[in-house]
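Secondary and tertiary structure notes
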Amino acid sequence: MSEDPGRPPALVIGHRDFAAGIVSAVIAITGREDLFRTASNYGLDTQSMEALLREAIADGVTMIFSDLPAGSTTMAARRAQRDHPDVTVVTGVSLPLLLDYAFASPEDGHAADAAVEKGRAAMMVARGSRSAD
Amino acid sequence: MPIELHRIDDRLIHGQVVVGWGQPLELRFLVLVDDEVASSEWEQELYRMGVPPDMRVEFVSVAQAIEKYSSFVADPKPGMLLTGDIDTMARLCAAIPALRRVNLGGVHHRAGRAQKLRYIFLTRAEEDELRAMAGRGVEISAQDVPAARVFPLDAILEGEANA
């Protein structure tokens with residue numbers, strides 16, 4: 001499938017295989033392989049992670065999704081973002097969040113904010129019900 | 001002992017520290033010892049972002065850590081002291097006789113380092129520094145998360161890589 005000309009691929013970075021796994025789920029649902037690139041923190045120190053992200057930014061990435069707010073992935077993303085005000089970092093990604101972003105219009109300047117709201121709203125606790133005696 | 005763990009981890013405050021160790025040890029404070037971070041408000045803000053509201057974090061230089069160490073261990077709440085490299089921890093151990101147990105939690109790949117464990121890569125100089133610390137009576141072991149196997153220094157240096 002051809003790459004969407006209106007939006008450069010976003011980068012998803014996470015612990016171990018998190019990014020590859022969650023993006024494979026996005027692809028399975030949307031059929032779009034061009035929306036997200038992936039990166040892992042595995043085996044990397046913070047400087048190497050930051051270098052990897054700076055390289056991605058130099059390559060056109062302006063949206064970075066990371067898994068854990070307290071994680072090294074987010075720290076590295078925030079450092080890489082520091083000299084690039086056009087770059088947005090979203091932490092705590094989930095599948096509903098990424099799917100919302102995937103389906104947002106490339107012209108939507110608030111796609112990340114809307115996706116975060118969708119991700120929050122998608123969480124729920126479903127308790128089993130007991131039948132009355 | 002209120003400082004439950006003295007950890008060397010080049011990622012400093014991150015998931016393994018805050019969640020992996022923080023929850024089972026019920027850590028209530030972190031002491032991040034790093035001269036550069038201690039002098040940068042921006043870096044401190046970045047690390048604070050990753051710390052839950054019920055966990056306090058102190059950013060101190062090596063000199064401040066040495067000066068304030070007795071107050072850290074006097075804190076009744078459990079805490080963790082973190083350095084980003086071996087040299088910083090070696091300086092602390094040399095100046096603080098009570099600091100006699102060190103956890104290697106993450107020293108990742110960089111040019112010139114050889115892999116010892118999945119999460120430990122060392123230069124020859126770093127190996128020598130660890131041996132010197134052990135020679136001064138510091139017990140050194142590697143363990144990235146609480147449920148993982150503990151490797152004593154000999155096993156680390158022998159390079160039980162990927163074990």
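Preceding this paragraph is the structure being described.
Residues and elements named next belong to chain A. One open sheet holds the four strands; their spatial order is β2-β1-β3-β4, and the pairing between them is parallel. Looking along the sheet, the strands with just one partner apiece sit at the ends: β2 (36-40) and β4 (88-90). Ignoring strand direction, the axes of neighbouring strands in this sheet form an average angle of 20°. For strand β1 (residues 10-14) and β2, the ladder comprises five bridges, and the chain directions are parallel. By the bridge assignment, Val12 is partnered in β2 with Thr38.

As a measure of interface size, the accessible area lost when the parts come together is often cited. Contact with chain B, which involves 14 residues of that partner, is made by 13 residues of chain A. If one sorts the elements of the side of chain B that touches chain A by residue count, helix α1 (residues 15-21) of chain B sits on top with three residues.

Residue and element names in this part refer to chain A. Burial in helix α5 (residues 111-121) covers these residues: Ala111, Ala112, Ala115 and Gly119. Taken around the axis of α5, the buried residues stretch over an arc of 95°, which confines them to a single face. Turned more than 90 degrees away from the buried face of α5, the exposed residues are Asp113, Arg120 and Ala121. Lining the buried residues of α5 we find β3 (63-66), β4 and α4 (95-103).

Calculation notes
- Residues numbered from 1 in each chain as written.
- Chains lettered and ligands numbered in written order.
- Predicted model: local features only at pLDDT ≥ 70, side-chain atom pairs only at ≥ 80, totals over all residues.
- Pairing = 2+ DSSP bridges.
- Helix = DSSP H or I, 4+ residues; strand = E, 2+ residues; numbered from the N terminus.
- Axes fitted to C-alpha atoms, helices over the stretch in contact; angles between N-to-C directions.
- Contact = placed C-beta atoms within 7 Å.
- Buried ≥ 20, exposed ≤ 12 C-beta atoms within 10 Å, placed from the backbone.
- Arc of directions from axis to C-beta.

Taken by themselves, the reported measurements are silent on function.
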